[in-house]
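As a plain string of letters, each chain reads:
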Amino acid sequence: MTAALFLDFLETLTVPEGPKAGERLRLAEFQARFVIGAMQPGVMVACLSIGRGNAKTALSSGIALGHAMGVADEQPKREVILAARNRDQAKTAFNFVHGFVTGLPEGEQEAFTIRRGSKLEIEYGARGGGLIRVIAADGKSILGGAPTLAILDERAAWEKDKGDALENAILSGLGKRDGRALIISTSAPDDTNTFSRWMDEPPPGTYVQEHRPPPGLPADDLESLLIANPGATEGIGASPEWLVGQAQRAIARGGSALSSFRNLNRNERVSTDDRSLLLTVDEWLAAEVAPDELPEREGPCVLGVDLGGSRSMSAAAFYWPETGRLEAVGTFPGQPGLGDRGAADAVGQRYVEMHDRGELFTMGDATVPPGPWLAEIVRRMGAPPVSIVGDRFRHAEFQEAMRAAGLERVPFVWRGFGWRDGAEDIERFRRAVFDGEVKTSPSLLLRSAFADAVTLVDPAGNHKLAKARSLGRIDAAAAAVLAVAEGARLTNRAPQRGGRVMWA
């Protein structure tokens, strides 16, 4: 079995650097699982997504050395490519391979030739010969090659156009000699990245192993940290204590430090450019309180509505500005089912879990009927709202829905999601959250929505709401922004004094 041969070979190597330098390499469970999965018959591409510092480059470098030495492939003139965004990044893998070579028996070392000039290459002169060479993300440097194994290191960090060109050139070259590619990286910052698409939509012949915790958890949550860093409990990379300490420091610093920690150390798809975030996950978690600490439903209630399209989610947010209580609920059409929708949106069983928690329900068949849905939302609230806030571009649909729900007498506030209204509503919403004027019980629906919500910024510094990933669902976040912003206006509005004068 190919995988067994590689597993045996890897454990004959010597750790070249770090606290365990000089010791025999011992594979962790997640590393052995990746080797077994990557070397299955019929697998052409194997993808590994894991937090920084879990020895993914060292593991792939050991596989590269074993392949060059003909551990499981006896065809002559084997060729291994170590590809990365730039030469310095690729040199890391090259140094690991060189370190493993220096740990081999002296008789075996004599078969290797190391070149460190303009080209970084390691040539093996026995068993039919093998060559390991380094290239950077420039597609022209690989055209015409015929590798038998390729390592694409930190694929999520590659420049889009040049990176895609290099990847395509490598994969087409691998087809000439029945080669195999290992694509390894921490998570990309968004779903549109090519590495994210490998993880979410793997084509036939692809093995995927992803160590990414569920979204919306505190940065210092140890259990989820260990999901992204399985090596921490097996003596690989950072210790659990170090990870928690770094998480707490990142939380204290906030901003890009926290976003970078989530992306690199927690392996989450979080943009490291915090300027585009509506709220960071941690800022939103500060608004969550235990259910028994949630304020009462007292005073007037504002209903924010994001009316979905033919297949998208419809969401409603209830906000009581006098107490700061916020609730949200989402609705999908009945077809397809929530499990299938979760698979299509790359969130697994999250929609099913939201349904079980009472935060999401289905109505209708292929579409959510606006009138009955709005009537059901008001029924769940317990009393008619003081006002309803929604998108002015859906004016006719809202009027028909309110008429069908018997809510014609409820004032409707029309708001736009563009730069003008959006900038004001986003700023009022953020201010209310930061000032502690928004309190909600833990909601997976809202956590997921805010994790996917970013803002686009125009040259004047105005913000409008947008999705962080193409498959994201931010409907509940949009409804919450509308409700809280209108609640803030309602609170700050001067009360009317005296009567009105009407000319006859």
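Rules of the game
Residues numbered from 1 in each chain as written. Predicted model: local features only at pLDDT ≥ 70, side-chain atom pairs only at ≥ 80, totals over all residues. Heavy atoms only, no water. Axes fitted to C-alpha atoms, helices over the stretch in contact; angles between N-to-C directions. Helix = DSSP H or I, 4+ residues; strand = E, 2+ residues; numbered from the N terminus. Left-handed = near helix turned anticlockwise from the far one by under 90°. Contact = heavy atoms within 4.5 Å. Nonpolar A, V, L, I, M, F, W, Y, C, P; charged D, E, K, R; others polar. Pairing = 2+ DSSP bridges. Parallel < 35°, antiparallel > 145°, perpendicular 65-115°, else oblique.

Put simply, helix α1 (residues 2-10) and helix α2 (residues 29-38) touch, their axes get as near as 8 Å, and they point 145 degrees apart. Considering the relative orientation of α1 and α2, their crossing is right-handed. Contact residues: Ala-3, Phe-6, Leu-7 and Leu-10 in α1; Ala-32, Val-35 and Ile-36 in α2. Of the residues assigned to the contact of α1 with α2, the class counts are seven nonpolar, no polar and no charged.

On to the sheet that holds strand β13 (residues 387-391). Taken in spatial order, the six strands make up an open sheet running β12-β11-β10-β9-β13-β14, and their pairing is mixed. Unpaired on one side and paired on the other, β12 (360-362) and β14 (412-415) mark the two borders of the sheet. Looking at each pair of strands side by side, their axes are set apart by 20 degrees on average, direction ignored. In this sheet, β12 lies alongside strand β11 (residues 325-332) in parallel orientation, the contact comprising three bridges. Opposite Gly-330, over in β12, you have Leu-360 as the bridge partner. Lying over the sheet, helix α18 (residues 475-492) contacts β9 (302-306), β10 (314-320), β11, β13 and β14, oriented at roughly 150 degrees with respect to β9.

What follows deals with the packing of helix α3 (residues 56-68) against helix α4 (residues 87-102). To characterise two packed helices, one gives the angle between the axes of the helices and the distance between these axes. Running from amino to carboxyl end, α3 crosses α4 at an angle of 60 degrees, the nearest separation of the two axes being 9 Å. Judged by the angle between their axes, α3 and α4 are oblique. For the crossing formed where α3 meets α4, the hand is right-handed. Contact residues: Thr-57, Ala-58, Ser-61, Gly-62 and Leu-65 in α3; Thr-92, Ala-93, Phe-96, Val-97, Phe-100 and Val-101 in α4. Its residues assigned to classes, the contact of α3 with α4 shows seven nonpolar, four polar and no charged.

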